[in-house]
Amino acid sequence: MEAMAENKPSVGLVFFPAFDWAISPTHPERQERLLYTRDQIQEEGLFDHPAIKEFRPRLAEDEEILRTHIFVPSLAKHVTESHRIAAGGTILAADLVVDGLVGRSFALLRPPGHHANRVVHGSRGFCTINNEAIMVDHLRHRLGPDLKVAIVDTDAHHGDGTQDIFYNDPGVLHISLHQDGRTLYPGTGFLSERGGPAAYGQTVNIPLPPGTGDEGMLMAMERVVLPILQDWQPDYIVNAAGQDNHYSDPLTNMNFSAQGYARLTELLAPDIVVLEGGYSIESALPYVNLGLLLALAGLDYSKVQEPTWQRQTVSQSASLTAQVAQICAEVLSLWERRSEADLEEIFGRQDFFERRRHIHYDTDNIYEQQQEYIRLCPSCAGWRVIYTVSNVYPTPSAAVLIPWHVCPQCLKEGESHYQRERENTEFGLVIWHDPRTDSCKV
Amino acid sequence: MYIIGIDVGGTNTDAALIKGDEVVAMAKTPTRHADLFASTSTALEEVLRHCQGQEPLRLHLSTTLSTNLIVEGKGVPTVVVAIPGPGVNLASYQFPFPLIELDGYIDHRGREVSPLDAGEIEELKARIPKDCRALAVVGKFSHRNPSHEQQVATALSQWFSGVISCGHRLAGRANFPRRIVTAYLNSSVAKQQLEFTVMWRRLREQLPVPLEEIVILKADGGTMTLADSEERPVETILSGPAASIMGVQALTSCAKPNYVIVDIGGTTTDLAAVVEGKVLFARDGATIAGNKTLVPALLTRSVGLGGDSELNYDRERGTFHIGPQRAGTPVCLGGEKLTPTDAAVALGMAEIGEKERAVNAWHIWAEGLGLTWQELAQKVIDAFTAQLAEAIEDLYSGLENVPLYTVSEILMPPKVRPEAVVGLGAPAEVFIPRLGGILGLEWEIVPFAAGANAVGAAAARTTLSLTLHADTELGIVTIPELGVREKLASPISFDLHQARQMAEEKLRELAVQAGYSSEQEVYIVEEESFPLVRGFRTVGRIHMIRTQLRPGVRRIRGGGNG
Ligand SMILES: [Zn+2]
Ligand SMILES: [Zn+2]
């Protein structure tokens, strides 16, 4: 054991199982979710392994959360202490890496966040605030807006919230591998969703057919994800590590194993890993988290195996493999030809690109309607305005959003639009959102 | 009732005779490592002379026997038989002892996933080397189901005559690699511990006063019977540092719930933290000579800073860095190199050896630097105090980072910061008041500082604990320390209250069986209770209760200078 020790621990582990918190008593997001993971990691002796150091999460501050999100009607209405700990723990995980205290980090905590959109009326897909997005904005706040961060979301569900937050953000590359949206919540994440006018092509979706196992998942990593990362050269790679691709997960239909997750982690070599979903709390999570942690620390994971593992359960048919290969080829080709896209054709020739959406919050059963206008600016990502209304907050709200790299013209236009909407009595809330200055005010 | 506490240390053997809450006599004699028994008897006889009449006598013994055997690698040749199941590759732990792996797999809830292989167990006879004198049998998750360990141990005992330690008996908590190390060490020192107890039993007959009982000090600052020390000798490691800490607790008049214990020695300073009146324990267990164990132990932090530490002067900055190396005997005692002790002696803060020798040496050094010798010596005192303060800060910032797993704890983390400094050790008079000044804390130096360890040994009380794990969905209750895994009579109604009751009853039973008096209160140190939900339906609960005899010390009166 001592022989493996190095100068600094290779992995910082921010473990927070929230043993006293549940969405509701029998909800998948309940006290018990990480109990067996804790038992396994503890029994394997990894909490005091010299290559791994455990850290206590902190609470995220209002300004850290507001740098990313827009709340209707208010932050206080939605954000509880448990959310602050999950977001604060994720920020800490990133800071540990940036400060050089550890080589990589793993925020093994709950509640999750990747279904939380920019605008928050309630909880969606068990998520209220987006841990990864808050962390990425924290990193840019700390290290400057030029930072390039790639998020690789390997949860079985499409990382629609994270995609929403960064879809017009040139500083972020968002790659989501997930079970095809035609067969699973949230029903999005198709190849055609490729990002907004200022970040076209930087939203990459890899929808995988139900039944995809280690072979297909690793094929997508090797053929698509790794070449894209190699091409884009991010400063940091974040893995939104949902574990519901597992063959035993009750909510999905995928066929991934603990060995597959460990290998994926080894291939991806992420700087920061953040737990997302995964609800096979006994048959999958202890082994997946063990494999992932070992792989992240560069330790031998070859003997990690689920008690229920059988070769035939995790193998996939040849036709399925061919299907995955086909999807990989298409996604890669879209990436390679992203600069050839005719943006005027896609986003129009007007001053603004308009987007209208209906958003369902399954956890809280809320329907939101959104209308968004993005200024098509040749010099920056463009200021935006979002109008939003829902069945629980029926008075419309408006939010003016300023990008990290705003040009003087857009800043001026955004400010005057904000002033104008403030005078408009139609709106309950008019929000100014500028992450550069932390002036996210109502 | 008299109690004699003896602490056999690396340099000296200390003895203290207490009666009620008073120290009657103390003795100190050099430890003779070649004949530990003789030097221990000498110390014992010294204090025995002060016993009056035929009052009953108890002996509390803190020995370095196991510690030394482990540090020097002189235990008997021992082989570990491990049942790892899947998970971390056992080879990657790189244990420095021979290990044989068996098939078999128990999961986190104690369910048998795959059984032992009878053929493999049969083959052990051929695979265990002939020179092997002791065995340890350890399975992953054996604290949730000891049956594999029990089966293997039973099979081995058919033909193996040496000691066989089972992991589950030694530790009811998780951590397979630590459980392996703990069981290995336990087996490797068991034979010598037995020789030791046999000797003390014989001595008992020869004493002029009736010796009611002999108990052995443990790393957690408590005591165990001789019989238990034969079963679990590994628990006696590091009892010396624990005895000092117990001594401070017995002797201090500090009324604050939180304080830091600072034991300044010649080579090192040992720190310990008292929070809400209790000494903190090491999170997982004792670490001895690089071996991480599950042996419950007081949390101590050793810093390379003492009266005999080496002085490193940075000419550019004009500052000292002290330690971690030892310089040797102080100049005032005839040594070659100046030490912190020489600074204190020269400046008149302490009276040890020849002050003139120290002053002269400082004078020569200071001249070359263009300082007065007083300035130079004062810098040493200041640097020593500052480094101590830094080490204390480091200890507490670590404690404030101990992981917490519930929202409520994160919101209201335990307050661990000290409100006072309690010091002991020869240089304490010099540094503790200054340290208190820097930290802005009250301070105290315990009386009998030179023999606090022996007083602590005498003042220590029994510690005994067990872990109960009940899984009402499976209908099983497990108490690894007792080797118990049995069906619950009515699992559906087995709630947390019943789990607590059962744990407390079992501990009381165990205490009586083991020959401990039942006067000590049983209490719960740790508990968890989780509802189990499968398919949106609650199907049972998991309760985990760790219970123990309330530890603590007899309060000893300080004799006025406290
Ligand atoms: Zn998911
Ligand atoms: Zn612009």
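Residues numbered from 1 in each chain as written. Chains lettered and ligands numbered in written order. Predicted model: local features only at pLDDT ≥ 70, side-chain atom pairs only at ≥ 80, totals over all residues. Heavy atoms only, no water.

Chemist: Explain the overall build of chain A here, please?
Modeler: Across its full length, chain A holds 13 helices and 15 strands. By the compact-globule yardstick of 22 Å for 442 residues, chain A fits well, its C-alpha radius of gyration being 21 Å. Its C-alpha atoms give chain A principal-axis dimensions of about 65 × 45 × 45 Å. For chain A, with 442 residues in total, the buried portion stands at 66%. Taking all contacts inside chain A whose residues are at least 6 apart in sequence as the whole, residues at least 24 apart take part in 72%. Working note: accessible area of chain A is about 15,100 Å², and carbon and sulfur atoms make up 48% of it. Once the 36 positive and 59 negative side-chain charges of chain A are each reduced to a mean point, those two points are 4 Å apart. (Helix = DSSP H or I, 4+ residues; strand = E, 2+ residues; numbered from the N terminus. Rg over C-alpha atoms; globule rule 2.2 N^0.38 Å. Buried < 20%, exposed > 50% of the residue type's maximum accessible area, 1.4 Å probe, protein only. Contact = heavy atoms within 4.5 Å. Areas by Shrake-Rupley, 256 points an atom, 1.4 Å probe, with all protein chains shown as cover. Lys, Arg positive; Asp, Glu negative; His and termini not counted. Charge placed at Lys NZ, Arg CZ, Asp CG, Glu CD.)

Chemist: Where do I start with the environment of B:Thr372 in this structure?
Modeler: Positionally, B:Thr372 belongs in the loop between α10 (355–369) and α11 (373–399). Classification of B:Thr372 by relative accessible area gives partly exposed; the value is 38%.

Chemist: Explanation requested: the coordination of the zinc ion (ligand 2) in the structure shown.
Modeler: Ideal geometry at a metal gives 109.5 degrees between four tetrahedral donors and either 90 or 180 degrees between six octahedral ones. Residue and element names in this part refer to chain A. Protein coordination of the zinc ion (ligand 2) is provided by Cys377 (SG), Cys380 (SG), Cys407 (SG) and Cys410 (SG), with donor distances spanning 2.2 to 2.3 Å. For the zinc ion (ligand 2), the 4 donor atoms in the first shell make angles of 100 to 120° at the metal, a pattern classed as tetrahedral. Counting gaps between the donor residues of the zinc ion (ligand 2) yields the pattern C-x2-C-x26-C-x2-C. One end of the pair, Cys380, is in the loop between β12 (366–375) and β13 (384–390); the other, Cys407, is in the loop between β14 (397–401) and α13 (408–423), with 27 residues separating them in the sequence. (Donors = N, O, S within 2.8 Å, 3.2 Å for Na, K, Ca; no water. Tetrahedral: all angles 85-135°; square planar, octahedral: opposite > 155°, others 65-115°.)

Chemist: Looking at this structure, I do not really get the nonpolar core. What am I missing?
Modeler: Membership of the largest hydrophobic core comes to 144 residues, with the highest contact counts inside it found for A:Ile175, A:Leu177 and A:Ile206. Apart from the residues lying within four places of it in its own chain, the contact partners of A:Ile206 are A:Ile175, A:Ser176, A:Leu177, A:His178, A:Ala220, A:Val224, A:Val225, A:Ile327 and A:Val331. Within the second largest apolar cluster, 48 residues are counted, among which are B:Leu271, B:Leu338, B:Ile381 and B:Val416. (Core = buried A, V, L, I, M, F, W, Y, C linked by side-chain atoms within 4.5 Å.)

Chemist: Is there a simple way to explain the interface of chain B and chain A in this structure?
Modeler: In many analyses, interface size is given as the accessible surface area lost on bringing the parts together. On the chain A side, the residues contacting the 52 residues of chain B number 50 residues. Taken together, the two surfaces of chain B and chain A that pack against each other cover about 4,300 Å², and 54% of this comes from carbon and sulfur. When the area that chain B buries against chain A is broken down by residue, the three leading residues are B:His108, B:Tyr405 and B:Phe530, summing to 17%. Applying the counting rule to chain B against chain A returns 10 salt bridges. Between B:Arg534 and A:Glu32 there is a salt bridge, and its shortest N-O distance comes to 2.7 Å. The tally of links from chain B across to chain A stands at 30 residue pairs in polar contact (both at pLDDT 80 or more). Those elements that provide at least two residues to the side of chain B that touches chain A are α6 (176–206), α12 (407–411), β26 (522–534) and β27 (537–549) of chain B. Here the residues of the side of chain B that touches chain A sort into 24 nonpolar, 14 polar and 14 charged. (Buried area = accessible area lost by both parts, 1.4 Å probe. Salt bridge = Lys/Arg side-chain N within 4 Å of Asp/Glu carboxyl O. Polar contact = N/O pair within 3.5 Å; in protein donor to acceptor, adjacent residues only side chain to side chain. Nonpolar A, V, L, I, M, F, W, Y, C, P; charged D, E, K, R; others polar.)

Chemist: Please clarify how the sheet that holds strand β9 (residues 134–139) of chain B should be interpreted in this entry.
Modeler: In a beta sheet, neighbouring strands pair by backbone hydrogen bonds and run either parallel or antiparallel. All names here are of chain B. Spatial strand order, β6-β5-β9-β10: 4 strands in an open sheet with parallel pairing. Each edge of the open sheet carries a strand with a single partner, namely β6 (99–101) and β10 (163–166). Neighbouring strand axes in the sheet, compared pairwise and without regard to direction, differ in orientation by 20° on average. Here α6 sits on the sheet in contact with β5 (78–83), β6, β9 and β10, set at roughly 160° to β9. (Pairing = 2+ DSSP bridges. Axes fitted to C-alpha atoms, helices over the stretch in contact; angles between N-to-C directions.)

Chemist: Even after reading the chapter, I still don't get the coordination of the zinc ion (ligand 1), so can you show me in this structure?
Modeler: Residues and elements named next belong to chain A. Protein coordination of the zinc ion (ligand 1) is provided by Asp155 (OD), Asp155 (OD), His157 (ND1) and Asp244 (OD), with donor distances spanning 1.9 to 2.8 Å. Of note, the donors binding the zinc ion (ligand 1) are all from one chain and are spaced D-x1-H-x86-D. Highlighted residues: His157 in the loop between β6 (149–153) and α6 (160–166) and Asp244 in the loop between β9 (236–241) and α8 (258–268), separated in sequence by 87 residues. For His157, a relative accessible area of 9% corresponds to the buried category.

Chemist: Help me understand the domain arrangement of chain A, please; the structure alone is not making it clear to me.
Modeler: Residue and element names in this part refer to chain A. What the domain assignment reports for chain A is domain 1 (11–339) and domain 2 (343–441). One C-alpha centre belongs to domain 1, the other to domain 2; they are set 27 Å apart. Contacts between the two partners involve 39 residues from domain 1, matched on the other side by 36 residues from domain 2. Both sides of the domain 1 and domain 2 interface together cover about 3,000 Å² of buried area, and 61% of this is carbon and sulfur. The largest contributions to the domain 1 side of the interface with domain 2 come from His121, Tyr167 and Pro197, which together make up 22% of the buried area. Here domain 1 and domain 2 share 2 salt bridges between them. The salt bridge involving Arg355 is made with Asp164; its shortest N-O contact spans 3.3 Å. Connecting domain 1 to domain 2 are 19 residue pairs in polar contact (both at pLDDT 80 or more). Looking at the side of domain 1 that touches domain 2, the elements with two or more residues in it are α2 (62–66), β3 (70–71), α3 (75–78), β5 (119–120), α5 (131–143) and α6. (Domains from an automatic or database assignment.)

Chemist: I tried to follow the pairing of strand β24 (residues 476–479) of chain B on my own but got confused; where do I start?
Modeler: Consecutive residues of a regular strand have side chains that alternate between opposite faces of the sheet. All names here are of chain B. Neither face of β24 is left uncovered, since the one carrying Ile476 and Thr478 and the one carrying Val477 and Ile479 both have all their residues buried. The pairing of strand β23 (residues 465–471) with β24 spans 3 bridges and is classified as antiparallel. Directly across from His469, in β24, lies its bridge partner Thr478. Hairpin connection, β23 to β24: the antiparallel pair is bridged by 4 residues, and Gly475 has positive phi, about 70°. Two successive antiparallel strands, β24 and strand β25 (residues 484–487), enclose a turn made up of 4 residues, where Gly483 displays a positive phi of approximately 70°.

Chemist: What exactly am I supposed to notice about the sheet that holds strand β12 (residues 223–225) of chain B here?
Modeler: Residues and elements named next belong to chain B. Read across the sheet, 6 strands follow the order β3-β2-β1-β4-β11-β12 without closing on themselves; strand pairing throughout is mixed. Each edge of the sheet is formed by a strand with only one pairing partner; in this case those strands are β3 (22–30) and β12. On average, each strand axis in the sheet is tilted by 25° relative to the strand beside it, whichever way the strands run. Taken together, the 7 bridges between strand β1 (residues 2–8) and strand β2 (residues 12–19) define a ladder with antiparallel strand orientation.

Chemist: Please clarify how the pairing of β23(B) should be interpreted in this entry.
Modeler: Residues and elements named next belong to chain B. In terms of burial, β23 is largely enclosed, as 6 of its 7 residues are buried. One ladder, built from 7 bridges, connects β23 with β27; its direction is antiparallel. Bridged to Leu466 within β27 is Thr547.

Chemist: Just checking my understanding: could you explain unusual backbone geometry for this structure?
Modeler: Peptide bonds are mostly trans, and most non-glycine residues show a negative phi. Residue A:Val72 is joined to A:Pro73 through a cis peptide bond whose omega torsion reads 0°. Take A:Pro73: it is sitting in the loop between β3 and α3. Between A:Arg110 and the following residue, A:Pro111, the backbone shows a cis peptide bond with an omega angle of 0°. For A:Pro111, the position within the fold is in the loop between β4 (104–109) and β5. For B:Glu276, which is not glycine, the phi dihedral falls at a positive 50°.

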